[in-house]
Amino acid sequence: MEQEQAVNSKDGFTKLGLNPKLVATLTQMGYEEPTPIQREAIPPLLEGRDLIGQAATGTGKTAAFALPMLQRLATNGKHRGRPSALILVPTRELAMQVAEAMHNYGQALKTTVIPIYGGQPFGQQQRMLARGVDVVVATPGRAVDHLRRKTMDLSGITMLALDEADEMLDMGFAEDLETILSETPADRQTVFFSATLPPRIAGMVKRHLKNPLRIEIAKERGAKGTVPKVRQTAYIIPRRQKLDVLGRVLDLENPASALIFCRTRIEVDDLTERLGARGYRAEALHGGITQDQRTRVIKRLRAGDIDLVVATDVAARGLDIEQLELVVNYDVPVSPDSYLHRIGRVGRAGREGVAITLADPRESRLLKLFERHTKGKIEIAQVPTVADLRARRLELTRLAIEEVIVEGGLDHFRVAVESLAQEHDLMEVALAAVKLAHSARGGDKEQEEEGEAAPAPRDDGRRGLEGPIARIYVGAGRVAGIRPQDLVGAITGEAGIRGDQVGSIEIADRFSIVELPEPMIDNVVNAMRKSLIKGKKVVIRRFVEKGRSS
Ligand code: AMP
């Protein structure tokens, strides 16, 4: 049952005390609700409290300290000439990322932000500092260099944030941090964010923070209720490879229906469009979608008219779709609870589901937290190569041929083989026949060009049917030990139709496709849904080929 809800992305952020301009920016960026760390950190930070937050990359921690910082700057007034806020980060890459995020969040408030890091000419940074900025995002080493040269004045700092404090200590910045902290006014507001809290950090907190509030994401330990039976896999890949890897994963897993999670509305729309362009039948679900549209999308997924739904966490809440076989976290969930909730969409009714997470190397720390929370194992897998996919397609052709041999009734073709064998080696003849069969199955096409989620069923030589035909999808295949005779047996036994009315059968790893006379389809689907195949309940639905609308 769907718990229908109108999602208003503004509410969550407004409730935290953020001002309308910031909330409007977040809505525009496609954020639908605050992440747990934001929910906990933003209100006390807005009040001016010091805070120590334990949170890894991927939890939304940057916005957790950036948003209150921007709002307080806007309310309390900025200095002219001197920076009012300083953010220290361990690496140049992070300095650029955080400065960009700050800039984006602060656009409506006209906040100026610059990154300061090693490797960039001093002169350029000096000129920017001299011109006057509100927020400086700096690596500790370069910040100290500017202090020594007196090219940066920290006497106006009212807010200071240390991002990834543990990393900075590991990189040997302890002394630099102390120097910088001592150059800022003692009455500043101070925030530390760190993935871990080793004793050295505790020491710094004691020295530099005033009565700090401590929050941690890992607190949500220990899942409540039952943990779903789900095979969990993660691929650690850079962001830019995600779409490509998603395509390969879908090809390999071959799900009848899958739910793909993104963080923001904008990402959902963008991915849905890209998947569409690659030939997948995907639809978007997010807070900006009307109730009617939502109902329609869910109906289409249930009926098998679409294969993929791309959704935000908010939109997927309360979604209960029996047929779902796969959940993909296109973006790492922001908390263990969110992970558990997402993967709980599959593996319903005792069936094993599959959950796949695409994580940036910097986000891999979160995976450990998810493992603890689900009391399960997340296997870190190698990205399937094009060669893997090719090998898999060839294996499918080999199995299809094997089935034809087992099936027998090949005498009809003997004349052709005998005549070819007079002039060619039998091995050559077989090779040519396999090549032909493989290309007829579409097996020689490149996935990147093709982008299909499921192979179109091909005639396996079983028998042809007269009149209009249609296909059913059966959610069990070779892996479950399904053979053609099992399907014929189940269909004739349950739906009361004759064996010769069952047409060609294709058995893939995780599903099978069976041809039947069109007028019998609904009857067969209904009867089969109530029955078991090899003792198990499996998904049965009408199979619609890609590119066809009926
Ligand atoms: P971080 O943990 O700060 O590295 O953030 C990880 C990613 O989450 C960034 O790409 C942010 O843009 C995104 N993000 C942060 N907060 C939210 C939110 N409330 N809703 C959606 N995405 C968010």
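Residues numbered from 1 in each chain as written. Predicted model: local features only at pLDDT ≥ 70, side-chain atom pairs only at ≥ 80, totals over all residues. Heavy atoms only, no water.

### Section: the nonpolar core
Among the nonpolar cores identified, the biggest contains 72 residues, and Leu-18, Ile-87, Met-102, Val-137, Phe-193 and Leu-259 are the most heavily contacted of them. For this core, the two domains that each supply at least three residues are domain 1 (2–222) and domain 2 (230–380). For Ile-87, the contacting residues outside a window of four places in its chain are Phe-65, Met-69, Val-98, Met-102, Val-135, Val-136, Val-137, Ala-138 and Ala-161. Ile-114, Val-136, Met-152 and Met-204 belong to the second-largest nonpolar core, a separate cluster that totals 29 residues. (Core = buried A, V, L, I, M, F, W, Y, C linked by side-chain atoms within 4.5 Å. Buried < 20%, exposed > 50% of the residue type's maximum accessible area, 1.4 Å probe, protein only. Domains from an automatic or database assignment. Contact = heavy atoms within 4.5 Å.)

### Description of the site of the ligand
Near the ligand there are 14 residues, and of these Tyr-31, Gln-38, Gly-58, Thr-62 and Arg-263 occur at the shortest range. Between the ligand and Gly-58 there is a distance of 2.7 Å, counted from an oxygen atom to a backbone nitrogen or oxygen. Within the backbone of Thr-59, an N or O atom sits 3.0 Å from an oxygen atom of the ligand. Contact with the protein chains removes 79% of the 500 Å² of surface that the ligand exposes when unbound. For the shell around the ligand, the per-class residue count stands at three nonpolar, eight polar and three charged. (Near = heavy atom within 4 Å. Polar contact = N/O pair within 3.5 Å; in protein donor to acceptor, adjacent residues only side chain to side chain. Areas by Shrake-Rupley, 256 points an atom, 1.4 Å probe, with all protein chains shown as cover. Nonpolar A, V, L, I, M, F, W, Y, C, P; charged D, E, K, R; others polar.)

### Looking at the sheet that holds strand E13 (residues 353–359)
One open sheet holds the seven strands; their spatial order is E10-E11-E9-E12-E13-E8-E14, and the pairing between them is parallel. One side of each edge strand has no neighbouring strand; the edge strands of this open sheet are strand E10 (282–285) and strand E14 (378–380). Each neighbouring strand pair of the sheet contributes to a mean axis angle of 20°, computed without reference to strand direction. Relative to strand E12 (residues 326–329), strand E9 (residues 258–261) runs parallel, the two being bridged by four bridges. Among the inter-strand pairings, Phe-261 is bridged to a residue of E12, identified as Asn-329. Where helix H12 (residues 265–277) meets the sheet, its contacts fall on E9, E10 and strand E11 (308–311), and the angle it forms with E10 comes to roughly 175°. (Pairing = 2+ DSSP bridges. Helix = DSSP H or I, 4+ residues; strand = E, 2+ residues; numbered from the N terminus. Axes fitted to C-alpha atoms, helices over the stretch in contact; angles between N-to-C directions.)

### Looking at the domain arrangement of the protein
What the domain assignment lists for the protein is domain 1 (2–222), domain 2 (230–380), domain 3 (386–440) and domain 4 (469–543). Here the C-alpha centroids of domain 1 and domain 4 sit 58 Å apart.

### Side note on helix H5 (residues 92–106)
One turn of the α-helix equals 3.6 residues, which is why residues spaced by three or four share an orientation. Counted at 1.5 Å a residue, the expected span for H5 with its 15 residues is 21 Å, and the 21 Å between its end C-alpha atoms agrees. Burial in H5 covers these residues: Leu-94, Ala-95, Val-98, Ala-99, Ala-101, Met-102, Tyr-105 and Gly-106. In an axial view of H5, the angular spread of the buried residues amounts to 160°, which keeps them on one side of the axis. Turning to H5, the residues buried within the fold contact helix H2 (20–28), helix H4 (61–76), strand E2 (85–88), strand E3 (113–116), strand E4 (135–138) and strand E5 (159–163). (Expected span 1.5 Å × (residues − 1). Arc of directions from axis to C-beta.)

### Description of the sheet that holds E4
Taken together, seven strands build an open sheet; the order of strands is E3-E4-E2-E5-E6-E1-E7 and the sheet is parallel. On the outer flanks of this sheet lie E3 and strand E7 (213–216), each paired with one strand and no other. Taken pair by pair, the neighbouring strands of this sheet meet at an average axis angle of 15°, ignoring direction. The pairing of E5 with strand E6 (residues 189–194) spans five bridges and is parallel. In the sheet register, Ala-161 faces E6, and the bridge partner there is Val-191.

### Thoughts on helix H9 (residues 174–182)
Inspection of H9 places Asp-176, Leu-177, Ile-180 and Leu-181 among the buried residues, and these make up the whole buried set. Along the long axis of H9, the arc covered by the buried residues comes to 130°, so they all point the same way. Opposite the buried face of H9, by more than 90 degrees, sit the exposed residues Glu-175 and Ser-182. Contact partners of the buried residues in H9: E2, helix H7 (140–148), E5, helix H8 (165–170) and helix H10 (199–208).

### Considerations on the packing of H7 against H9
One can describe the packing of H7 onto H9 by two numbers: an axis separation of 9 Å at closest approach and a directional angle of 45°. With respect to H9, the element H7 is oriented oblique. Relative to H9, H7 is oriented so that their crossing is left-handed. Of H9, the residues touching H7 (which contributes Pro-140, Gly-141, Ala-143, Val-144 and Leu-147) are Asp-176, Leu-177, Thr-179 and Ile-180. Residue classes in the contact of H7 with H9 are distributed as six nonpolar, two polar and one charged. (Parallel < 35°, antiparallel > 145°, perpendicular 65-115°, else oblique. Left-handed = near helix turned anticlockwise from the far one by under 90°.)

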